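Each chain, letter by letter, is given below.
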Amino acid sequence: MKNLLLQLDTDTQPSTFDSVVAIDSGADVMFRHGGVTTDQVEGLVHGLIFTRAPSKLKHSAIYVGGSNVDAAEELLNAVKKTFFGPMRVSVMMDGNGANTTAAAAVICGGRHLDLKATQALVLGGTGPVGQRAARLLIRAGASVRLASRSLDKAQKACQQIAEDLQMEGPQPVAASDPTSVEAALQGVQLLIAAGAAGVTLVPQAIRQNAQDLKVAIDLNAVPPVGLEGVDSFEKAVEKDGQICYGAIGVGGTKMAIHRAAIERLFQQNDLVLNAEEIYELGTELEG
Amino acid sequence: MKNLLLQLDTDTQPSTFDSVVAIDSGADVMFRHGGVTTDQVEGLVHGLIFTRAPSKLKHSAIYVGGSNVDAAEELLNAVKKTFFGPMRVSVMMDGNGANTTAAAAVICGGRHLDLKATQALVLGGTGPVGQRAARLLIRAGASVRLASRSLDKAQKACQQIAEDLQMEGPQPVAASDPTSVEAALQGVQLLIAAGAAGVTLVPQAIRQNAQDLKVAIDLNAVPPVGLEGVDSFEKAVEKDGQICYGAIGVGGTKMAIHRAAIERLFQQNDLVLNAEEIYELGTELEG
Amino acid sequence: MKNLLLQLDTDTQPSTFDSVVAIDSGADVMFRHGGVTTDQVEGLVHGLIFTRAPSKLKHSAIYVGGSNVDAAEELLNAVKKTFFGPMRVSVMMDGNGANTTAAAAVICGGRHLDLKATQALVLGGTGPVGQRAARLLIRAGASVRLASRSLDKAQKACQQIAEDLQMEGPQPVAASDPTSVEAALQGVQLLIAAGAAGVTLVPQAIRQNAQDLKVAIDLNAVPPVGLEGVDSFEKAVEKDGQICYGAIGVGGTKMAIHRAAIERLFQQNDLVLNAEEIYELGTELEG
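Residues numbered from 1 in each chain as written. Chains lettered and ligands numbered in written order. Predicted model: local features only at pLDDT ≥ 70, side-chain atom pairs only at ≥ 80, totals over all residues. Heavy atoms only, no water.

**A look at helix H1 (residues 16-23) of chain C**
At 3.6 residues per turn, the α-helix brings residues three or four places apart onto the same side.
Residue and element names in this part refer to chain C.
Then comes step 1: With seven of eight residues buried, H1 lies mostly within the body of the structure.
Then comes step 2: Within H1, the full set of buried residues consists of Thr16, Asp18, Ser19, Val20, Val21, Ala22 and Ile23.
Then comes step 3: The N-terminus of H1 is capped by Ser15, whose side-chain oxygen sits 3.2 Å from the backbone nitrogen of Phe17. (Buried < 20%, exposed > 50% of the residue type's maximum accessible area, 1.4 Å probe, protein only. Helix = DSSP H or I, 4+ residues; strand = E, 2+ residues; numbered from the N terminus. Polar contact = N/O pair within 3.5 Å; in protein donor to acceptor, adjacent residues only side chain to side chain.)

**Brief notes about the domain arrangement of chain A**
How big an interface is tends to be reported as the loss of accessible area on association of its parts.
All names here are of chain A.
Then comes step 1: The assigned domain composition of chain A is domain 1 (4-97 + 253-286) and domain 2 (100-251).
Then comes step 2: Distance from the C-alpha centre of domain 1 to the C-alpha centre of domain 2: 28 Å.
Then comes step 3: Contacts between domain 1 and domain 2 engage 18 residues on the former and 18 residues on the latter.
Then comes step 4: Summing the contributions of domain 1 and of domain 2, the shared interface buries around 1,500 Å²; its carbon and sulfur component is 57%.
Then comes step 5: Seen at the junction of domain 1 and domain 2, the total is three salt bridges.
Then comes step 6: Here Glu286 and Arg111 are joined by a salt bridge, their closest N and O atoms 2.7 Å apart.
Then comes step 7: Counting the contacts that link domain 1 with domain 2 gives 13 residue pairs in polar contact (both at pLDDT 80 or more). (Domains from an automatic or database assignment. Contact = heavy atoms within 4.5 Å. Buried area = accessible area lost by both parts, 1.4 Å probe. Salt bridge = Lys/Arg side-chain N within 4 Å of Asp/Glu carboxyl O.)

**Regarding the relation of the copies chain A and chain B**
Then comes step 1: The operation relating chain A to chain B is a screw motion whose rotation component is 120°, with 0.0 Å of axial translation and a residual RMSD of 0.0 Å. Such a turn and shift between the copies fits a three-fold axis. Among all residues of chain A, the one whose C-alpha sits closest to the rotation axis is Val29 of chain A, at a distance of 4.7 Å.
Then comes step 2: An overlap of only 5% is found between the interface residues of chain A and their copies at the interface of chain B, pointing to separate contact surfaces. (Least-squares fit on C-alpha atoms with pLDDT ≥ 70 in both.)

**A look at the pairing of strand E8 (residues 190-193) of chain C**
Residue and element names in this part refer to chain C.
Then comes step 1: Residues Leu190 and Ile192 of E8 are buried on one face, and the alternating residues Leu191 and Ala193, pointing to the opposite face, are buried as well.
Then comes step 2: The pairing of strand E5 (residues 119-123) with E8 spans four bridges and is parallel. Across the sheet, residue Val122 finds its bridge partner in E8, namely Ile192.
Then comes step 3: Of the pairings in the sheet, the one linking E8 to strand E9 (residues 215-218) comprises four bridges and is parallel in character. Looking across to E9, one finds that Leu191 is bridged to Ala216. (Pairing = 2+ DSSP bridges.)

**Section: the sheet that holds strand E5 (residues 119-123) of chain B**
All names here are of chain B.
Then comes step 1: Taking strand neighbours across the sheet as the criterion, the seven strands line up as E7-E6-E5-E8-E9-E11-E10 in an open arrangement whose pairing is mixed. A single partner strand is all that each edge strand has here, and the edge strands are strand E7 (171-174) and strand E10 (237-239). Strand-to-strand twist across the sheet, computed as the mean angle between neighbouring axes with direction ignored, equals 25°.
Then comes step 2: Contacting strand E8 (190-193), strand E9 (215-218) and strand E11 (242-245), helix H4 (residues 98-110) runs over the sheet at an angle of about 160° to E9. (Axes fitted to C-alpha atoms, helices over the stretch in contact; angles between N-to-C directions.)

**Thoughts on the UniProt feature "domain: Methylene-tetrahydromethanopterin dehydrogenase N-terminal" (unreviewed entry) in chain A**
Then comes step 1: Here the UniProt-annotated "domain: Methylene-tetrahydromethanopterin dehydrogenase N-terminal" (unreviewed entry) positions come out as residues 17-96 of chain A.
Then comes step 2: From the first C-alpha to the last, residues 17-96 of chain A spans 10 Å; its make-up is 41% helix and 19% strand. (UniProt positions renumbered as here; feature names shortened; annotations may be inferred.)

**Looking at the relation of the copies chain B and chain C**
Then comes step 1: Mapping chain B onto chain C calls for a rotation angle of 120° and an axial translation of 0.0 Å; the resulting RMSD is 0.0 Å.
Then comes step 2: An overlap of only 5% is found between the interface residues of chain B and their copies at the interface of chain C, pointing to separate contact surfaces.

**With respect to the environment of Leu201 of chain C**
Residues and elements named next belong to chain C.
Then comes step 1: Along the chain, Leu201 falls in the loop between E8 and helix H8 (204-209).
Then comes step 2: With a relative accessible area of 23%, Leu201 lands in the partly exposed category.
Then comes step 3: Apart from the residues lying within four places of it in its own chain, the contact partners of Leu201 are Leu123, Val181, Ala193, Gly195 and Gly226.

**Remarks on the sheet that holds E5 of chain C**
As a general point, the strands of a sheet are linked pairwise by backbone hydrogen bonds and lie either parallel or antiparallel.
Residue and element names in this part refer to chain C.
Then comes step 1: Strands sit in the order E7-E6-E5-E8-E9-E11-E10 across an open sheet of seven strands; the sheet is mixed. The open sheet has two edge strands with one neighbour each: strand E7 (171-174) and strand E10 (237-239). Strand-to-strand twist across the sheet, computed as the mean angle between neighbouring axes with direction ignored, equals 25°.
Then comes step 2: Judged from the four bridges that link them, strand E6 (residues 143-148) and E7 form a sheet pairing that is parallel. By the bridge assignment, Ser148 is partnered in E7 with Ala174.
Then comes step 3: Helix-sheet contacts for helix H6 (residues 151-165) involve E6 and E7, and the interaxial angle to E7 is about 165°.

**A few points about the interface of chain A and chain B**
Then comes step 1: Every contact between the two is made by 19 residues of chain A and, on the other side, 16 residues of chain B.
Then comes step 2: When the two sides are added together, the surface that chain A and chain B hide from each other amounts to roughly 1,200 Å², 60% of it contributed by carbon and sulfur.
Then comes step 3: Summed over the three residues of chain A that lose the most area to chain B, namely Phe31, His33 and Thr51 of chain A, the buried surface amounts to 43% of that side.
Then comes step 4: There are two salt bridges connecting chain A and chain B.
Then comes step 5: The shortest N-O distance in the salt bridge between Asp28 of chain B and Lys2 of chain A comes to 3.9 Å.
Then comes step 6: One can count seven residue pairs in polar contact (both at pLDDT 80 or more) joining chain A with chain B.
Then comes step 7: Taken together, the residues of the side of chain A that touches chain B sort by class into nine nonpolar, seven polar and three charged. (Nonpolar A, V, L, I, M, F, W, Y, C, P; charged D, E, K, R; others polar.)

**Side note on the packing of helix H5 (residues 128-139) of chain A against helix H6 (residues 151-165) of chain A**
All names here are of chain A.
Then comes step 1: Between H5 and H6, whose axes approach to 10 Å, the crossing angle comes to 45°. The angle between the axes of H5 and H6 places the two elements in the oblique class. In the packing of H5 onto H6, the handedness of the crossing is right-handed. Across from Gln131, Ala134, Arg135, Ile138 and Arg139 in H5, the residues of H6 making contact are Ala157, Ile161, Asp164 and Leu165. (Parallel < 35°, antiparallel > 145°, perpendicular 65-115°, else oblique. Left-handed = near helix turned anticlockwise from the far one by under 90°.)

**Some points on the pattern of salt bridges**
A pair can form between side chains of opposite charge whenever their charged atoms are brought close.
Then comes step 1: Evaluation of the coordinates by the stated rule reveals 30 salt bridges over all chains.
Then comes step 2: We note a salt bridge from Asp164 of chain A to Arg135 of chain A, for which the minimum N-O separation is 3.8 Å. With Asp164 of chain A in helix H6 and Arg135 of chain A in helix H5, this residue pair connects regions lying 29 residues apart in the sequence.
Then comes step 3: Judged by relative accessible area, Asp164 of chain A falls into the partly exposed class, the value being 41%.
Then comes step 4: Taking the shortest distance from any N to any O, the salt bridge between Asp152 of chain C and Lys156 of chain C comes out at 3.4 Å. With Asp152 of chain C and Lys156 of chain C both in helix H6, this residue pair falls four residues apart, about one helical turn.
Then comes step 5: The exposure class of Asp152 of chain C is partly exposed, given its relative accessible area of 42%.
Then comes step 6: What makes Lys156 of chain C exposed here is its relative accessible area of 54%.

**Quick notes on the side chain of Ser90 of chain B**
Residues and elements named next belong to chain B.
Then comes step 1: By the secondary structure assignment, Ser90 is in strand E4 (residues 90-93).
Then comes step 2: Residue class for Ser90 comes out buried when judged on its relative accessible area of 0%.
Then comes step 3: At a separation of 3.2 Å, a polar atom in the side chain of Ser90 contacts the main-chain amide nitrogen of Asp270.
Then comes step 4: Those residues within four positions of Ser90 in sequence are excluded, and the remaining contacts are Ser60, Ala61, Ile62, Leu265, Gln268, Asn269, Asp270 and Leu271.

Given below as structure tokens:
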């Protein structure tokens, strides 16, 4: 029986990135849908769960994506509402790659640090990748500062994470210029830069002078990079006594997680792979 | 040579139901098109019939679907007009599942009754499934009452069937409340309820008291069901001296017909599988 | 590793013709996109080139099509701009079949004539097929007259070709009626009629009386054909001392070129198959 993957994408043209990874990870046939809205989800999912016997439903699965992560998250919620009892299929959400990217960043950090004893700083912490990285770090036991140019936005993101996790959330900080970034880096061992493409968040001198910093991870691949002096291809390169990752250096781990998640979808019919589950899966891959 | 199925769907997002069944029934590759309009049909069909040698055209086929059955029927007509001589491929139409559902319902009835000697009543007879069920029953030799809440609509549907078949059509009846339903059931051996989802057409007591009723088939799977007291999962369950089918109880037969029809498409290049042909195919499956 | 073909089509419904040929020529999986605009190209192409190792990128390729040849050409340009260094895949453009049709017509002519010593006339020379046929003939060393009903349009097309090739372009001629067509045919050995569907460009008597004409090729398959008296199915049929091809007679060569071009896409990852490259490939097939 062929492995079918229903791709629900919020963008007009469904992502080819997600489709290629799926085909290379065990999907035999793709049903690719673009411009998907929540009201269309029920019919599309019913078509999947009513056409194969429950014992065969692990050969059908759903991938939710799209460049708008919030819209993709809404699609995922609509998908989950459609399931009932054994009438369900496994589903993965990775809008804009936010889940696999955040998971990969935290996993890279965890290779060099005991996260439970780590003070982390997430720059660009209010974006979809930043929020997810902060959430994963909190759950992994780290102390987290979530930084944004706007303290107000940082506070809201931290509250949301605290509510979601029913745990103490990250500490909001404003980091709008070199001085405030320098202050935010005080006592920080793990830095994850999840800011917008093409924006330098940390000048080289400030990173070099960050006394406690052990691991610096930049997730912006579009020059200028987010951490000045960290090349996007660098992967666990030691410089200035710090272990540095560029966006493409993290990319191999991200891709491995993405592939493994797709493969996992076809092993049982009741998985929901969102940020946390994708991170868990990534830690398993670390061995 | 791969079996290609061109799926032409009237809905914006092409049906995943139809696609999964096709993949599981011998289609190797699907070309799935949503929001298809009649003016687009010629180009899409030409692309199919001008790319393979006539002797290989049985490996290319067309499936027409969509939730709007009338629109799907128009697409089918447009498809047929595009064919000429040996330059054609087999095509199946099953908009909203109306053809396979109507065929399955009549076949279920025929398992227990000699249709040629049967008085049937089709409730919701003006809808796409009801009209098709009535038409198939007439052709199978049954006497048919076609019921609608509106006598006027019932009359029009009956006239249309008579014109289509060039035979005496069903008898129109109004059935808008328990009293009129009770009257319509007088002398009826086969009841098919093809009404709207979530609407109870026949109260339990009226069905139980229908003296002549031998087989009761409900095609509404969404609670409340159309025939009160007939569970949607029931399949040929005897209750109150009547053999009862719920919508999902008919579903297995419907799915078997659908699968067989897709398989048939790839055996020759000149089939047109609409209601009658799909019903014929279904009777062959009964053995 | 599966051969993936990304189909970028300018039409709302992506061409089934192009998809069938691709599947029959080595594409294992198609990602079919309709209504593609230039601003969407980068994301779609990035998804292809960032998901497989550079050494495997020959298993991913792009086909650009659509009934609007100019729009398809713009998509091709957008695709090429997205590539950088080894991060690229092979791409073929054949909007409205213009490239394969023009190549096939010139190749058919070259079977019977030494193109370097040939005076050719292209009727309908300002359309996408006509322009390409004229360009290919010029490059093959022929002398070319490019005819249009409007001399002004013919002149512009000739100038464009001269600029594109940085060579002397075709000679523009007006051919709006039998008399002017007769004049344009003086001294012509190869006639290619690339006019609009259903328009007769050359009355039979004028073709028969063309003293120097050796090969007449009609690319209009929709009756009335472009060259009166040349049946669309004819392939190298001698009549009146001239070798004649109808549109379908050229079609076998066109299809062979199209198939070979798709196969070629999956042999390396740095091909750009536009008119010239497709013609070269076609001449290789001639052996």
